[in-house]
Amino acid sequence: MTPVSYTASPRQDEEDFCVSVSSMAQTIAAHFLATRKAATGFGDYPGTAPATLEEAYVIQDAALAQVPDAIAGWKVGRILPPLSEKYGCDRLAGPIFVPTVFTATSQSKGLVFADGFGAVEAEYLFRIGTVPRSDKTNFTLKEAADHIDAVHIGIEIASSPFAGINEMGPAVTVSDFGNNNGLLIGPAIPNWRSGTYANQSVTTRIDGEEVGTGTAAAFSRGPIGSVSFLLENLIARGIAIQAGWWISTGAVTGVHSVHPGQQVETDFGPLGTLHCTIEAQSPR
């Protein structure tokens, strides 16, 4: 009997590929979720690392579908050249969950995965006041700002169980919730629509030593550019935007590695100074 060869149709090849990608995304997402819950670290990426931001958001979405916690907002991280050219985008997004968001006080804590990666970032936090139409795919800076009702100073706690997350590029960062593990919300900025806050010099200190300084005016399209990016990103992904969500718009002074026991100070000049003590994330 002559053997019969079979060549899959393009449609079946596409379906098989989608099933393979979906299965891999579920496996990677499950590993990140399990290690976050157990507060344990690991050193090797749990599968084939995403090569594109599109692949990374598939993993992020797979994890989001399994998380019981409500979303309090989203972090936006900047992607600087030459990686922005490689990945075709200058920003990335990740969710921030309600149990990890706190009003900043003199006794604030920042929780990091002790055996993973931990960092702090001084940020401007924008609150969504009105929800954009779900069929709007592009936002000018003015249109994005029109959906904001308040801006605060704050600190993002950037942490992941994966110790090498910041070394493998933005797609890997996206795949684990954008490397977020919390948000500390500081005082509101009066008259923020004037835009003068973006020129304010911001300084971050760890254990009293200055580790970075900068202004939000240095961002491509400014911090409101992060709002525009996020609205477009979420709508494209079919995620229903909610009023009251926070947007952490990007590290003003840089991403500064921390470990439990360290003291952090972010100085926004006349806009306020925030403090927190870094502690190890406990199992949940």
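That block above? That's the structure.
From a predicted model like this one, the values you see are computed outputs, not experimental measurements.

Visitor: Could you give an account of the nonpolar core, with specific residues and numbers?
Guide: In terms of nonpolar packing, the biggest core is built from 73 residues, with Tyr 124, Phe 126 and Tyr 197 touching the most fellow members. Among residues more than four places away in sequence, those in contact with Phe 126 are Ile 148, Ala 150, Val 151, Trp 192, Tyr 197, Pro 223, Ile 224, Val 227, Trp 245, Trp 246, Ile 247 and Thr 249. By size, the runner-up hydrophobic cluster in this structure holds 7 residues, among which are Ala 72, Val 101, Leu 125 and Ile 185.

Visitor: So, the pattern of salt bridges: which residues are in play, and what are the values?
Guide: Any two side chains of opposite charge can pair if their charged atoms end up close together. The full count for this structure, using the stated rule, is 12 salt bridges. A salt bridge links Arg 36 to Asp 176; its shortest N-O distance comes to 2.8 Å. A residue pair is termed long-range when its members are at least 10 positions apart, and Arg 36 in helix 1 (residues 10-38) and Asp 176 in the loop between helix 5 (170-175) and strand 7 (183-188) qualify at 140 residues. Taken as a pair, Arg 36 and Asp 176 share a single burial class, namely buried. A salt bridge links Arg 127 to Asp 149; the nearest nitrogen and oxygen atoms lie 2.9 Å apart.

Visitor: I'd like a rundown of helix 2 (residues 53-64), residues and numbers included.
Guide: With 12 residues, helix 2 extends 16 Å from end C-alpha to end C-alpha; this agrees with the ideal 16 Å at 1.5 Å per step. Regarding helix 2, the residues found buried are Leu 53, Ala 56, Tyr 57, Ile 59, Gln 60, Ala 62, Ala 63 and Leu 64.

Visitor: Which residues make up the packing of aromatic side chains, and what values do they have?
Guide: Across all of its chains, the model carries 10 aromatic pairs by this definition. Where Phe 126 meets Trp 192, the ring centres are 6.0 Å apart and the plane angle is 75°; that geometry is what we call edge-to-face. Here Trp 192 lies in the loop between strand 7 and strand 8 (202-206) and Phe 126 lies in strand 5 (residues 117-128), a separation of 66 residues in the sequence. Judged by centre distance (6.3 Å) and plane angle (65°), the ring pair of Phe 126 and Tyr 197 falls under edge-to-face. Taken together, the residues span a long stretch of sequence, with Phe 126 in strand 5 and Tyr 197 in the loop between strand 7 and strand 8 at a distance of 71 residues. By relative accessible area, Phe 126 is classed as buried at 0%. For Tyr 197, a relative accessible area of 5% translates into the label buried. The structure contains a cluster of three or more aromatic residues connected by ring pairs, namely Tyr 124, Phe 126, Trp 192, Tyr 197 and Phe 268. For the cation-ring pair, Lys 136 lies above Phe 139, with the distance from its terminal atom to the ring centre recorded as 5.2 Å.

Cut-offs used in this document
- Residues numbered from 1 in each chain as written.
- Predicted model: local features only at pLDDT ≥ 70, side-chain atom pairs only at ≥ 80, totals over all residues.
- Heavy atoms only, no water.
- Core = buried A, V, L, I, M, F, W, Y, C linked by side-chain atoms within 4.5 Å.
- Buried < 20%, exposed > 50% of the residue type's maximum accessible area, 1.4 Å probe, protein only.
- Contact = heavy atoms within 4.5 Å.
- Salt bridge = Lys/Arg side-chain N within 4 Å of Asp/Glu carboxyl O.
- Helix = DSSP H or I, 4+ residues; strand = E, 2+ residues; numbered from the N terminus.
- Expected span 1.5 Å × (residues − 1).
- Phe/Tyr/Trp six-rings, centres within 6.5 Å; stacked < 30°, edge-to-face > 60°.
- Lys NZ or Arg CZ within 6 Å of the ring centre and 35° of its normal.

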